[in-house]
Amino acid sequence: MLIVVGCLFLGIYLSRIYRNRLNQLQDLERLISFLQGEIKYKHSVLSEAFLHASERCRMPFKIWLYELSEALQNNNQENTFIEIWESSMSYLKENSSLNDSDFGELRSVGQALIDMDIESQDKALCYEKELIHSRVNELSKAIADKIKISIVLSTLCGILIVVILL
């Protein structure tokens, strides 16, 4: 019985990983909206925009944006924006459920912010937000099936192990 319950919890753990990725992609979509507002309407510089957005985001984006803001404020022209952006993404790689293709989208967001023109930044961020939104929609359709499959398969594996051991 303990084996079946353990395998069931493994399935629940896997389903939580799927759900975390979906939630973090939704957070990333909201983050881009925050940045658009900060840049377009408040005319904030990027370090301020990241700082203000960090106050409105959840973990792990909260810490990532705060550290990104600090790195930009303390830069002294030593590194380019994209170098700072890329190095700061290492925190997200370690502390989020996002996968490599999601980080590709995040790199594109960084590239969109390089533009000096507010209008160009806004258009590029809008485009990136639409891409992430479509990814969220695709994932939300597929996630229900993945969650069911992971729970059922892990439970069946637990039952199979018990049958084999008997």
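Just above sits the structure.
From a predicted model like this one, the values you see are computed outputs, not experimental measurements.

So, how was this worked out
Note that residues are indexed from 1 along each chain, following the sequence as it is written. With the structure being a predicted model, the display of local features is reserved for residues of pLDDT at least 70 and the display and counting of side-chain atom pairs for 80 or more, all residues being used for whole-chain, interface and lining totals. The side-chain numbers reported here are obtained from all heavy atoms of the structure, hydrogens and water having been left aside. Secondary structure counts use DSSP, requiring at least four H or I residues in a row for a helix and at least two E residues in a row for a strand, with both numbered from the N terminus. Throughout, the radius of gyration refers to the C-alpha atoms, and the reference size of a globule is 2.2 Å times the residue count to the power 0.38. Exposure was quantified through the Shrake-Rupley algorithm and a 1.4 Å probe, taking into account, for residues, occlusion by the shown protein chains and nothing else. In this tally Asp and Glu are treated as negative and Lys and Arg as positive; neither His nor the chain ends contributes. Charged groups are reduced to one reference atom each: NZ for lysine, CZ for arginine, CG for aspartic acid, CD for glutamic acid. Side-chain rings of Phe, Tyr and Trp (the six-membered ring for Trp) are treated as a pair once their centres are within 6.5 Å; stacked means planes under 30 degrees apart, edge-to-face means over 60, and tilted covers the remaining angles. Each residue is assigned to one of three classes by its accessible area relative to the maximum for its type, calculated with a 1.4 Å probe on protein chains only: buried under 20%, partly exposed between the two thresholds, exposed over 50%. In this scheme, the term charge over a ring applies when either NZ of a lysine or CZ of an arginine sits within 6 Å of the ring centre and within 35 degrees of the ring normal. In this description, a line fitted to the C-alpha atoms serves as the axis of each element, helices being fitted only across the stretch in contact, and the angle between N-to-C directions of two axes falls anywhere from 0 to 180 degrees. An angle counts as roughly parallel when it lies under 35 degrees, as roughly antiparallel when it exceeds 145, as roughly perpendicular when it falls between 65 and 115, and as oblique in every other case. By convention, the crossing between two helices is left-handed when the near helix turns anticlockwise from the far helix through less than a right angle, and right-handed when the turn is clockwise. Note on definitions: a residue-residue contact is assigned when non-hydrogen atoms from the two residues lie within 4.5 Å. Any residue outside Ala, Val, Leu, Ile, Met, Phe, Trp, Tyr, Cys, Pro, Asp, Glu, Lys and Arg is labelled polar, Gly included; the first ten of those are nonpolar and the last four are charged. It is the directions from the helix axis to the C-beta atoms that the arc portrays. Exposure above 30% relative accessible area and no salt bridge define the residues that can form patches, which grow by joining like charges within 9 Å and nonpolar side chains of Val, Leu, Ile, Met, Phe, Trp and Tyr within 5 Å. What counts as a salt bridge is simple: a side-chain nitrogen of Lys or Arg found within 4 Å of a carboxyl oxygen of Asp or Glu. Criterion for a disulfide: a pair of cysteine sulfur atoms at a distance within 2.5 Å.

J.: Residues and numbers for the overall build of the chain, please.
T.: Across its full length, the chain holds 6 helices and 0 strands. Counting from the amino terminus, the chain carries its helices and strands in the arrangement α-α-α-α-α-α. For 166 residues, the compact-globule estimate of 2.2 N^0.38 gives 15 Å, and the C-alpha radius of gyration of the chain, at 20 Å, exceeds that figure by more than 25%. In terms of overall dimensions, the chain has C-alpha extents of about 70 × 30 × 25 Å along its principal axes. A total accessible area of about 9700 Å² is found for the chain, and carbon and sulfur atoms account for 59% of it. Mean positive and mean negative side-chain charge positions of the chain (17 and 22 charges, respectively) differ by 10 Å.

J.: Could you give an account of the packing of aromatic side chains, naming the residues involved and the relevant values?
T.: In total, this model carries 3 aromatic pairs according to the counting rule given. Taking 5.9 Å as the distance between ring centres and 40° as the angle between the ring planes, the aromatic pair formed by Phe-50 and Trp-85 counts as tilted. Of this pair, Phe-50 sits in helix α2 (residues 46–54) while Trp-85 sits in helix α4 (residues 81–95), and the two are 35 residues apart along the sequence. Considering the side-chain rings of Trp-64 and Trp-85, the 5.1 Å spacing of their centres and the 70° angle between planes classify their relative orientation as edge-to-face. Placement of the pair is Trp-64 in helix α3 (residues 61–73) and Trp-85 in helix α4, with a sequence separation of 21 residues. Trp-85 matches Trp-64 in its accessibility class, with the two residues each being buried. Of the aromatic side chains, those joined through ring pairs into one cluster are Phe-50, Phe-61, Trp-64 and Trp-85. Looking at Lys-93, its charged tip hangs above the ring of Phe-103, at a distance of 5.8 Å from the centre.

J.: How would you explain the packing of α2 against α3 if you had to name every residue and give the values?
T.: The relative placement of two packed helices is expressed as an angle between their axes plus a distance between the axes. Viewed as axis vectors pointing N to C, α2 and α3 meet at an angle of 155°, and their least axial separation amounts to 8 Å. What the angle tells us is that α2 and α3 run roughly antiparallel. Here α2 runs over α3; the crossing is left-handed. Across from Leu-46, Ser-47, Phe-50, Leu-51, Ala-53 and Ser-54 in α2, the residues of α3 making contact are Lys-62, Leu-65, Tyr-66, Leu-68, Ser-69, Leu-72 and Gln-73. A breakdown of the residues in the contact of α2 with α3 according to their chemical character gives 8 nonpolar, 4 polar and 1 charged.

J.: Before we move on, could you go through α2 and cite the residues and values that matter?
T.: Spacing of three or four residues puts side chains on the same side of an α-helix, whose turn is 3.6 residues. All buried positions along α2 are accounted for by Leu-46, Ser-47, Ala-49, Phe-50, Ala-53 and Ser-54. Looking down the long axis of α2, one finds its buried residues gathered within 165° of arc, a one-sided arrangement.

J.: Tell me about a nonpolar patch on the surface, residues and numbers included.
T.: Taken together, the side chains of Ile-149, Val-152, Leu-153, Leu-156, Ile-159 and Val-163 present a nonpolar region at the surface, about 540 Å² in accessible area. Relative to the assigned elements, Leu-153 resides in helix α6 (residues 118–165).

J.: Report on the state of the cysteines, specifying residues and quantitative values.
T.: Overall, the coordinates contain 0 disulfides when judged by the stated rule. Left unpaired, Cys-7 is separated from the closest cysteine sulfur, that of Cys-157, by 6.6 Å. For Cys-7, a relative accessible area of 14% puts it in the buried group. The thiol sulfur of Cys-57 is not disulfide-bonded, and the nearest other cysteine sulfur, from Cys-126, lies at 18 Å.

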